[in-house]
Amino acid sequence: MTNADFWFDPACPFAWITSRWILEVEKVRDIQVTWHIMSLAYLNQDKDIPQEYRDFLKDAWGPVRVLAAVEQEHGKDALLPLYTALGAARHLDKQEFTREVIADALATAGLERELADAMDDSSYDEWIKKSHHLGMDQVGNEVGTPTIAFEGQAFFGPVISKAPKGEAAGRLWDGFVMVAEFPYVYELKRARTHDLDFS
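Not measured: the values here are computed from a predicted model.

K.L.:
Would you take a moment to explain the pattern of salt bridges for this structure?
P.N.:
Should the charged atoms of two oppositely charged side chains come close, the side chains can pair. Tallied over the entire structure, the rule returns eleven salt bridges. Glu-24 is the salt-bridge partner of Lys-27, the closest N and O atoms lying 2.9 Å from each other. Pair noted here: Lys-27 and Glu-24 are both in helix 1 (residues 13-28), with a separation of three residues, about one helical turn. You can call Lys-27 exposed: its relative accessible area is 63%.

Here you go:
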């Protein structure tokens with residue numbers, strides 16, 4: 001059994017697609033994923049980023065704080081059901097992370113709607129930063145989410161525009177594992193030419 005750690009921010013569409021891929025991988029390969037929160041808002045707070053991206057991040061603390069509250073109250077096993085509900089609302093239904101949307105996601109995940117109050121509670125930020133650094137310190141601050149760590153290796157990515165299913169998902173994982181065998185490989189990249197496909 002391979003234990004893989006996956007860091008995500010629910011606002012990121014690329015992390016969402018990669019998360020759906022690794023859930024497929026769990027079905028066809030002997031891996032088990034542990035989910036962790038990171039924060040794009042925290043990662044980029046002191047960076048020179050385009051205003052459009054800064055606007056995108058202005059409400060990004062809220063859902064991550066709610067995830068932190070859920071982890072503290074219910075443990076790590078509660079993260080994936082809530083992430084799935086939040087991601088479906090955001091990336092499939094194109095909803096903003098309002099209090100009502102987050103409360104509905106909590107209810108869908110079988111959690112207390114009142115945990116949505118954590119959106120505005122900055123006391124969770126230190127917990128978030130600790131979880132964030134656990135992942136990001138392995139890959140460096142010039143990347144973000146998705147970040148995956150396993151067997152002493154960690155990478156940003158894979159960044160994919162569509163999640164392969166079944167054995168195709170397993171084959172992509174096999175390639176990911178193979179690349180990770182070489183500690184001197186840092187980056188594979190090309191321009192993104194396909195639209196995001198959330199199917």
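K.L.:
Is there a simple way to think about the packing of helix 5 (residues 79-92) against helix 6 (residues 99-108) in this case?
P.N.:
For any two helices packed against each other, one specifies the crossing angle of their axes together with the interaxial distance. Between helix 5 and helix 6, the least distance of the axes is 8 Å, while the angle of their chain directions is 135 degrees. Judged on the interaxial angle alone, helix 6 and helix 5 are oblique. Considering how the two elements wind past one another, helix 5 and helix 6 form a crossing that is right-handed. Here Leu-82, Ala-85, Leu-86 and Ala-89 of helix 5 come into contact with helix 6, specifically with Val-101, Ile-102, Ala-105, Leu-106 and Thr-108. Per-class residue counts for the contact of helix 5 with helix 6 are eight nonpolar, one polar and no charged.

K.L.:
Would you mind going over the sheet that holds strand 1 (residues 2-8) with me for this structure?
P.N.:
Where strands meet in a sheet, backbone hydrogen bonds hold them as pairs that are either parallel or antiparallel. Reading across from one edge, 2-1-3-4 is the order of the four strands in this open sheet, with mixed pairing throughout. Sheet topology places strand 2 (31-37) and strand 4 (153-156) at the edges, where each strand pairs with a single neighbour. Each strand of the sheet is rotated relative to its neighbour by a mean of 20 degrees, with strand direction disregarded.

Conventions used here
Residue positions within a chain follow its written sequence, with the count starting from 1. Restriction of local features to residues with pLDDT of at least 70 applies here, the model being predicted, together with a cutoff of 80 or more for giving and counting side-chain atom pairs; totals for whole chains, interfaces and linings are based on all residues. Hydrogens and waters are ignored; side-chain quantities use all the structure's heavy atoms. Here a salt bridge means any side-chain nitrogen of Lys or Arg lying within 4 Å of a carboxyl oxygen belonging to Asp or Glu. Helix and strand labels come from DSSP, where a helix needs a run of H or I of at least four residues and a strand needs a run of E of at least two; each type is numbered from the N terminus. Burial classification: accessible surface area is computed with a 1.4 Å probe over protein chains only, and a residue below 20% of its type maximum counts as buried, one above 50% as exposed, and the rest as partly exposed. Note on geometry: axes are lines fitted to C-alpha atoms, helical ones only across the stretch in contact, with angles between N-to-C directions running from 0 to 180 degrees. Any angle from 65 to 115 degrees is called roughly perpendicular, while one under 35 is roughly parallel, one over 145 is roughly antiparallel, and all others are oblique. Should the near helix be turned anticlockwise from the far one by less than a right angle, the crossing is termed left-handed; should it be turned clockwise, right-handed. By definition, residues are in contact when any of their heavy atoms lie within 4.5 Å. Each residue receives one of three labels: charged for Asp, Glu, Lys and Arg, nonpolar for Ala, Val, Leu, Ile, Met, Phe, Trp, Tyr, Cys and Pro, and polar for the others, Gly being one of them. The pairing criterion is simple: DSSP has to find at least two bridges between the two strands.

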